[in-house]
Structure formats: C-alpha cells, structure tokens
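# Reading the structure
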Amino acid sequence: MLRFAARRLASLLLTLVAASFLVFAVTEFSPSNVARKTLGPFALQNQVDILYEKLGLSDPLLVRYTRWAGVLLGLKADPLQDPALNLNFKDPRGDKYFGNFGYSTLYKAPVNDVIWSRLGATATLAGIAFAIIVPLSLALGVLAGMREGSALDRTISVFGIVSTSIPEFASGVFLVAIFVVVLGWLPGTSPLDPGSGWPIWSQLVLPVAVLVLYDAGYVVRMVRGSMAEVMNKGYVRTAFLKGLPMRTVVMRHALRNAMIAPFTVILLQINFLISGVVVTEMVFAYPGFGRMILDASLFGDIALIEAATLIALTIAIATQLVSDIGYALLNPQISLK
Amino acid sequence: MAGDALLTLDRVRVDYHSALGVVTALPDLSLTIRRGESYGIVGESGCGKSTLLMAILGYLGATGRVSRGRIDFDGIDVGTASREALARIRGRGISIVYQDPNAALNPTLTIGRQLVEVPMLHEGLDEAAARQKARRILSDVHLPDPDAVMARYPHQLSGGQKQRVVIAMALLANPKLLLLDEPTTGLDVTVEAAVLDLVNELREKYGTTLLYISHNLGVIAKVCDRVGVMYLGELVEEAPVRELFAHPRHPYTRRLLACVPRLDTDKHETSFLPIPGQPPALAARPPGCPFGPRCAGFEERCAAGPVPAEAAGDGHAVRCLRWREVDGFDAGANEAVRPAPVQPETVLEARDLSKVYALGNAFFGMGATRQLVANEDLTFDASKGEILAIVGESGSGKSTFARVLAGLQDASGGKLMVLGQDLSRLPAQRRTLEQLAAVQMVFQNPDATLNPSHTAGFSIGRALRKFGIAKSSRDVETQVHELFDMVRLSPELAHQKPGRLSGGQKQRVAIARAFAGDPALLVADEPVSALDVSVQAAIVNLLLQIQARKASTIVFISHDLALVRHLADRVVVMYLGRVMEMGPVKSIFAPPYHPYTEALLAAVPVPDPSVRQKHLRLQGEPPSPIDVPKGCRFAGRCPRRIGPECDATPPPLRDAGGGHFIECHIPIEDLRNAAPVLGPEG
C-alpha cells in the first residue's frame, strides 16, 4: 500500500511537469505577450520592447520554461518584481520563495494573493454541495435500486433524469425567479461580501442548490443502476434463500458490492465541483476558482493559468489516489501493488 | 427407504406475467418426494427445472406466480405461507446448492462471515458457537484447514473448493430437503466426481432428502434413486433409476438416452439419434403431448388433450398414449453416419512445440524469472480425414495449442507444420490467404463468435469473398445457400441476426463459416460443450457427415471423454501442458492406461447405473502451471506414484505398440495389468 502511494506520488510529479509545460507551450500560440499585458494597451511599443528584452521573452521556449520553474521552486527571483523595471510589482513574501507562482498580470497582484482566496471560496461551495450530494444520492439510489421497477424506483429515476437534464443556468434562473424575485427570501448574487446586506450563509444557499440539483441526479442514477444490478446477483439470491430478512440482505450483502462501481464516480464529482462550476459561479457572481480560470484564460494571464492548472491537477490526482485506495478497501479482489 | 412424503406438488401451475402476456412455465405438475430419498429431475435447458426449484422455495421473483395447485412441504403450504414461515422454511427446511458457486458467494465477505450468519439467524447461536459449527461442517465437506478457509474471500478459492463451501452453507441449517441445481456443471470432471462422492457421503451421514436437477444423465445415474424426465414443464416419465435407464418408455427419454455419448461405443458402431426440430417456445405450447411435434410416433389423438400418466411398471409412470408400441416407431436408425476413412497423407505435424509465457513485473518490466509453461514438447501429427482429439482438464494447455495453430499466438519453440509449411511463428495477419483458409476454427461459445450486428449470412459471405471463392453478389448468395443447406439450416435464416438464432443454430452457422474456405484442417475448441445434449448430438452428427464428405482433418478439443470416445480416431491426453498419453481411440480407453487417463475415466459420470466403475479419485486440484514440477507433471496427484524418481526425473516415453505411447515411469507391462475402469456389474 505504501509503495503504491509512493509510486502514485512520483507519477503525480511527472504529470505536473508535463502538464505545466504543455500549458506553457500552448499559451505561446495566443496573441500578445506578457510584456504587453503587463504594461496595458496604452503603453508605447518601444516601452513594451524594452520590457520584452529585459524579461528575456525572446529566449527559446525551454529556457523560459526553466526560468518559470525556477521561480516556482524558489531558486530564482521573479523577474517581474525587479525594482529596476519600475513596475511597482511587490509580493510581501519577497521575490524568491518556494511556491512562488509569479505575478498575475490580470489582477496586478501576486498569484498567491489571488488564487487561494478564490480556491477557498469554491471549496466552501463544493464542500457543502458534496456533503449534501453524497448522502442524498446514496440514500435515494439505494432505495430505488433495492426494488427495481417499484413506484418509488420510478419516481426517483424520473427525478434523477429531470434534474440532470436541466442545465445549471436554467435552474439557476428558475430558483432566482422563485426565491429572489417572487419571495424575496434570498439574495440574487453571492459575492461573499458581508457588506451586501445578506449574511454569508444566505448567499450560499442558491449556488449550492443549483449544484446539488444538477449533480445529485447523475449520481443517484449511477448508484441506482449499480444497486439494481447487485440485487439481481446470485449471492443476493443466496442470501434471501438462507432466510435472511430484506434489511439484512441489503445492509450486509448488497450495499458494499453496490458501492464499488459508483465510488469512483462519486469522487470524480470533487473535480467537477472545484474546477467545473463556471456557469454557476457566473450566474451568481460568485468569486470562485472556475470563474477565475475563465477570466485568466480569456486575458492570457499565463502565471495564473499555470498555477490554476497545477492546483486542479493535484486535486484530480489526489482524488484518484483516494478512489483507488477506497476501491481496494471495498473490493477484496483488488490488491494494490 | 421411508415411505412418507416430505414434499408434495399437487397439480401445480406456474405462470410468468410480463408486459407481453402470461407464459406458463409449469402447466400441471404433480410430484412427490419421500423422506430420505434422492430424486433426480433431468431435462434440457428451458424445460422448467429451475422454475420448479424456485417455486418450491417460494422465490419466483416479481413476475412469477403459482396460479394453481399446492406445494406442500412437511405439512406447510409454501404458496400461502407468511413471510416469516417462508424465511423459516428457507433457512431450516429447504436449502439449495447452486449451479455456479462463483455467483452464489458474496465476493466482498469472507467465507466465515457468510457461513456463520446461517446458524446465528436460525438457531440463535452466538458468533463463537456458530463458528464452531461452521468449522465442523467445513471439515465434513473435506476442506482442509477450516479456519484458513473461513478467513478467505471467495476469489481466493478454486471452483471445486467454492462448491464445497456452498454445500457446507446449505448443510449448516440442517435442512430436511436439499435442492441441488446442476451443482457440478462447469467443474472439471475429476472435481465433479469428488463433489458427487461428497453429496452421496453427506446424504448417508445426515439422512437428508435430495432433489437433484441436472441435464447430465450420467450425474443423475450416479446420485439418484428415482428420476423424473421433464420436457416443456411436464414430467413425461418417472421411474426408479435402474428401471428408467434399462427400460425407458417415453419417446423423449429414449431419444435423450440415444443422444448421450457412451464410453463403450464409437462412431463406427453407433450413431446418435438426435431429436428432430427444436423445443417450442413456452408461449407456443402444443396442445396435448408437449413432445408431439417432434415425436416419430405422433398421431392425431396425441394432440387431442392432456395425456394422463399411465403405470408402466412398479413405480414407473409414463405420459404417452403409445408407450406400449414405442419399440415399433422409435427404432429406426434414420441418421446413420458414415465416418471418413483416414488417409495416409499427413496434414498436421507438431514437433517439440512449446509455448512459454514469461511473467514479468509489470512496473519495472524486467527480471522476469517466473515462467508459465502452457505447452511443452508437443509432438504428434494428424492425417487427412482424421479426427484428432485433445483431452484434458482446464489448464492443461489444450486451448493454447489451438491458439498457436490458428495464428493467434506465436509458439516459443519447436515446429508446427500444416501441409508442409511451418506456422508455429506465423501470426494470422502474416499468413497468406491459402494458409488462412487451410486452418479454420469453431469456438466453444457460439454467442461470442458471430457479430451480433450482422446477419448470419453476411458473416459467411465475408469469408467467401475474403478467400476469393465467390466474387459476385450472386455467387456469394448461391454459396451461402449451399453452405446453409450443408449445415441443414433453412436459407431464410441467413437474413437473421445471430440474436434471433438458438444456440444450436448459431453453432451451425459457425460451422458453415468455418467450412466456407474449404479448410484442410478444422480446429474445434469445445464446440458443443455449451449445448444441450440433444443439440450436441445433432451437431456432432453433422460435423461427422461434413467431415466425411470433405475428408477434412479435425483437431477436436474437449474435456468430455465420452464424446471423444465417440468421434475421435486418435486421442492426445494432456496435463499441465504436456502430453501424458496418445494413441488410437480404442487403446486409450482400455489398459494399459496412463494413471492420469485412468483417473479421468474413473471420474466420468456414466449414464448407466448398471455399469460398475473403478473407484479412483485424484487428491487436490491441478497444480499451477507456473514453476511446474521437475519430474513428472502428474506426480503430485498420481495414485500410482512409485517413488522419488517420479518427482525428480522426467518420465520416459514408452511405446505400448500400435501407435500408443505413454509417458510414465511405470513399465508398460505393469500398466497393462490394470483392471479396466468400466465393467459390467458383478
């Protein structure tokens, strides 16, 4: 198990290097450059050219990539913070430390000042949504799959299909129409600003509801399908024909087997909730991670994109590791080597 | 034998309700099982055997219903029993052993947890006492080291061990009636024999009543006192076991017996008598006698109404209006098969052929020190018009040989000549069209061979085009028509997708496809083992007829010794990748035997209770083909092991004369003195 985790960690590092290089290379194809973005559209071309030279942007791709990696690892000072450039870019942590993602040209602030608060906001949203989605879909999915074809099963399945097929922007607008416009119980936007007159918790209700509606339907159907399949297995029949009551059959014989397949899918929802909820964040003007990635990509803020990519990747690989380990714990036929 | 009834079914009717309407699985079944007896029900797939078992257990699912009659178990009506009473019956009254032990055990719970819950629930024992009891039963079913078994998960046990666990689980409740649903189907023949021994032994020890369901007449002959023959949900004949096998009265029973391969005759002496047509769907049940449309003695009165049971002897009941005349109309050997003569020309030649898999470490990809020897030093040949059978249990390397021959895998050493060309290291994609056409395969599972999204005719047409036999569409159509004719399928079926064909029809299509390129060599890997015995008989007859006409060579891979006895000219017996014995078919089935062949023969369930069979059982399970023993492969399980040389030195190849070779340390003269495995009673 330990060797397995160590090997996974090694492959995580490798993936991070490869992905960050790819992102670096791909942004090459976008128009404009760091010097122009730093100075803004009104700077004179010769000023831009001087900065371009000073930052070494005409160096080959590989050289610039190593320079960026050096800054990240704290081996090199961030060139943008060089006082000689007169840019007034300052990072209170200094210009040379481990984990220095550089300076965001979009927000005109160190990436570390921008990104963590955004990630924290999204993590709050995702955490609450996940904490509701998982128990809700497990309970509904098991109840539905336990007696395939029953009235309860059909009701839950229809709910699942309907709620997944309504896109987030639509359900967001519906909910806003009901709870904000008609009832006036909740705020229509969620900037997480206590000064907006609404307590923070009330700002979270609608975004969480949209996410739960959209995602739970999908997970419910996964769990239901797996449960229904397990209930038709030979060993469940064995359990019934031993004379065990329904409750014991479900709890002892069916449940654990039914969890094996959806487990991975459930953990994949974490990735979706962290970096895939752009639409919800846009609808509610939520200061989240997904929206930040979108803005940074549109602007071409390479330092921010790189940082966001690395963080999202780390989360994705970590959840995958957890899901592999959990899979092995659920299924004794799998051993991790 | 105690005379009072334990289980009585009185005119029971079971229906399945679905959106398409009501289908009757059991129309009107009456059956009595007495305390202490072992009752067998034999029938082919779809005859309602499993429905009967589930009806007895009150577990017909959401769609099944007992719509008439009474199922009375030990004084309780199962059909009207409350949920609690039913749970009590299932736990303490009736338990069941399933066909597939892999599916019957929960993969995520240890064996121990699955066993102890039975006595904890039904006897109210605490966990320690329940474990104690489970341990005792596990040693009763001869599983060594019960504590270790209880700590394991099902996937850590072999198939035979799992079936012993399932039997132990069934016995834990001290049932009065034990239902066995094809408990040995899918197990190797030596494991099957050991499980059947166990069932007989436990029955004597606990006095449990048995209801044994099987399609295998040999198995029924071995373990049952009374037998009922089921066809389309009706019990067409019922008799004490010896009476039934000696004097079958119902035309269906007789045909069924005539379809079973036997160890004492071959294709030159007898032909199978397959049943014409196919069993009708349950929804299209014919009026009157269900077997009428397929019966040689059908008369109008047979379809007039339900056929009553008549007594045809002591305890012998038969549902046939013409059972007294059955000898008259059912005697004709209308399907005489003329086997092909073997010609001197050699078609297939294997010389020291080996296939070794290196088992490496997946991560580092090096340091592959362990080897899996799938085939080693295979040396034999086959002539034109000859059927060479390769027999052995699972893991013996039969299928690996077939894969190398078909070019699906490369050999690691030696030569494999087909028509003088070495194909041992020539994968299928590098073979010429002639070489591809020369070697064709028929596989075990007809469902998996045919592409479900193309019609049956398309698959054959593609082979015809590919081999350049037919060019224009019209050519293809005529040829497909001819091939369908050859395998006796109606040409309309060429336009059907495989999903609409029965298993036998699919296998006929697969045979037609294989013969499309007029192969010199046909490799048939267990081609009939997934089919019912009457379908198997028809396919075997067909294969023999086509082979006789085309003088093709067939490599017939099978685990069924009786079938091999019927159709093969020469036999190769394999164990753990090596040839143990080979020779003409008659010499393999008579002394001198290789000790392994002898044990295999002693394990075959013989469909004749009057035959005396030598009792010889192999210990344990075949060892893993990884890191095989240095000396004789079979030494570890050999009942005739003579000393340390068996383990240390590879045995010599001994010539028993007439092309019969045995690889064994025991001299031929000693092997010749062994008594025949099968003999008349006495």
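Residues numbered from 1 in each chain as written. Chains lettered and ligands numbered in written order. Predicted model: local features only at pLDDT ≥ 70, side-chain atom pairs only at ≥ 80, totals over all residues. Heavy atoms only, no water.

What follows concerns the overall build of chain B. From N to C terminus, chain B includes 24 helices and 26 strands. Scaling as 2.2 N^0.38, a compact globule of 682 residues should have a C-alpha radius of gyration of about 26 Å, and chain B matches this with 26 Å. Considering only C-alpha atoms, chain B reaches an extent of 70 × 65 × 55 Å along its principal axes. Counting across all 682 residues of chain B, residues that qualify as buried make up 56%. (Helix = DSSP H or I, 4+ residues; strand = E, 2+ residues; numbered from the N terminus. Rg over C-alpha atoms; globule rule 2.2 N^0.38 Å. Buried < 20%, exposed > 50% of the residue type's maximum accessible area, 1.4 Å probe, protein only.)

Moving on to the overall build of chain A. Helix and strand counts for chain A stand at 13 helices and 2 strands. Per-residue burial over chain A gives 46% buried out of 337 residues. Chain A carries 26 positive and 20 negative side-chain charges, and their two centres are separated by 13 Å. (Lys, Arg positive; Asp, Glu negative; His and termini not counted. Charge placed at Lys NZ, Arg CZ, Asp CG, Glu CD.)

This part is about the interface of chain B and chain A. Taken together, the contact pairs 26 residues of chain B with 20 residues of chain A. A salt bridge links Glu117 of chain B to Lys242 of chain A, with the shortest nitrogen-to-oxygen separation between them at 2.6 Å. Here chain B and chain A share 12 residue pairs in polar contact (both at pLDDT 80 or more) between them. Only helix 2 (83–93), helix 3 (101–104) and helix 4 (111–122) of chain B provide two or more residues apiece to the side of chain B that touches chain A. No other element matches the 6 residues that helix 4 of chain B contributes to the side of chain B that touches chain A. Classifying every residue of the side of chain B that touches chain A by side-chain character gives 17 nonpolar, 6 polar and 3 charged. (Contact = heavy atoms within 4.5 Å. Salt bridge = Lys/Arg side-chain N within 4 Å of Asp/Glu carboxyl O. Polar contact = N/O pair within 3.5 Å; in protein donor to acceptor, adjacent residues only side chain to side chain. Nonpolar A, V, L, I, M, F, W, Y, C, P; charged D, E, K, R; others polar.)

Here we take up the domain arrangement of chain A. All names here are of chain A. Here the domain parsing of chain A yields domain 1 (2–110) and domain 2 (113–330). One C-alpha centre belongs to domain 1, the other to domain 2; they are set 34 Å apart. Counting from both sides, the interface comprises 25 residues of domain 1 and, opposite them, 25 residues of domain 2. Where domain 1 abuts domain 2, roughly 2,300 Å² becomes buried across the two surfaces, and 71% of that area is made up of carbon and sulfur atoms. For the salt bridge of Asp113 with Arg93, the shortest nitrogen-to-oxygen distance reads 2.8 Å. One can count 9 residue pairs in polar contact (both at pLDDT 80 or more) joining domain 1 with domain 2. Secondary structure elements with two or more residues in the side of domain 1 that touches domain 2: helix 1 (2–27), helix 2 (34–39), helix 4 (61–73), strand 1 (103–104) and strand 2 (109–110). Ranked by residue count, the leading element in the side of domain 1 that touches domain 2 is helix 1, at 11 residues. Taken together, the residues of the side of domain 1 that touches domain 2 break down into 17 nonpolar, 5 polar and 3 charged. (Domains from an automatic or database assignment. Buried area = accessible area lost by both parts, 1.4 Å probe.)

Attention now moves to the pairing of strand 25 (residues 660–663) of chain B. Residues and elements named next belong to chain B. With 2 bridges connecting them, strand 22 (residues 578–584) and strand 25 associate as antiparallel partners. The residue of strand 25 that forms the bridge with Glu581 is Ile662. As judged from the 4 bridges shared by strand 24 (residues 653–657) and strand 25, these two strands associate in the antiparallel manner. Across the sheet, the residue bridging to Arg654 is Ile662, located in strand 25. Counted between consecutive antiparallel strands, the loop separating strand 24 from strand 25 contains 2 residues, among which Gly658 sits at a positive phi close to 65°. (Pairing = 2+ DSSP bridges.)

What links the strands of a sheet is backbone hydrogen bonding, and the strands pair in either a parallel or an antiparallel sense. Residue and element names in this part refer to chain B. The antiparallel open sheet is built from 4 strands, whose spatial order is 14-13-16-17. Looking at the sheet topology across the chains shown, the edges are occupied by strand 14 (370–383) and strand 17 (421–422). With 5 bridges connecting them, strand 13 (residues 346–359) and strand 16 (residues 413–418) associate as antiparallel partners. Pairing of Leu348 across the sheet is with Val418, part of strand 16. Where helix 13 (residues 398–406) meets the sheet, its contacts fall on strand 13, strand 14 and strand 16, and the angle it forms with strand 13 comes to roughly 110°. (Axes fitted to C-alpha atoms, helices over the stretch in contact; angles between N-to-C directions.)

All names here are of chain B. Strand order across the open sheet formed by 4 strands is 2-1-4-5, with antiparallel pairing between neighbours. What marks the edges here is a single partner per strand, and that holds for strand 2 (21–34) and strand 5 (76–77). Bridge count between strand 1 (residues 5–18) and strand 2: 10 bridges; the pairing is antiparallel. Among the inter-strand pairings, Val14 is bridged to a residue of strand 2, identified as Leu26. The sheet contacts of helix 1 (residues 49–56) involve strand 1, strand 2 and strand 4 (64–73), and relative to strand 1 the element is tilted by about 110°.

It is worth spelling out the side chain of Thr110 of chain B at this point. All names here are of chain B. Residue position: Thr110 is located in the loop between helix 3 and helix 4. The class of Thr110 is buried, set by a relative accessible area of 18%. Residues within four places of Thr110 in sequence aside, it is in contact with Met150, Ala151, Arg152 and Tyr153.

All names here are of chain B. Positionally, Arg254 belongs in helix 11 (residues 251–259). Looking at Arg254, its side chain comes within polar contact range of the main-chain oxygen of Pro248, at 3.2 Å. Beyond its immediate chain neighbours, meaning those up to four positions away, Arg254 contacts Pro248, Arg249, Val326, Asp327 and Asp330.

The subject of this paragraph is the packing of aromatic side chains. Applying the stated criterion across every chain, the model contains 14 aromatic pairs over all chains. A ring pair is formed by Phe21 of chain A and Tyr65 of chain A, whose centres lie 5.0 Å apart and whose planes are at 85°; its orientation type is edge-to-face. One end of the pair, Phe21 of chain A, is in helix 1; the other, Tyr65 of chain A, is in helix 4, and 44 residues separate them in sequence. When its relative accessible area of 11% is taken as the criterion, Tyr65 of chain A is described as buried. Plain terms: the ring middles of Tyr575 of chain B and Tyr596 of chain B are 4.6 Å apart, the flat faces sit at 55° to each other, and that makes the pair tilted. (Phe/Tyr/Trp six-rings, centres within 6.5 Å; stacked < 30°, edge-to-face > 60°.)

All names here are of chain B. In terms of burial, strand 22 is largely enclosed, as 6 of its 7 residues are buried. Relative to strand 22, strand 21 (residues 570–575) runs antiparallel, the two sharing 6 bridges. From the neighbouring strand, Val573 faces strand 22, where its bridge partner is Glu581. Between strand 21 and strand 22, which pair antiparallel and follow one another directly, the connecting turn spans 2 residues, one of which, Leu576, has a positive phi of 50°.

Another aspect to go through is the nonpolar core. Core analysis: the biggest nonpolar cluster contains 178 residues, and Leu9, Ile167, Leu179, Leu211, Ile460, Phe484 and Val571 of chain B have the highest contact counts within it. Not counting chain neighbours up to four residues away, the residues in contact with Val571 of chain B comprise Ala389, Val391, Val564, Glu581, Met582, Gly583, Val585 and Ile588 of chain B. By size, the runner-up hydrophobic cluster in this structure holds 62 residues, among which are Tyr65, Val223, Ala258 and Leu313 of chain A. (Core = buried A, V, L, I, M, F, W, Y, C linked by side-chain atoms within 4.5 Å.)

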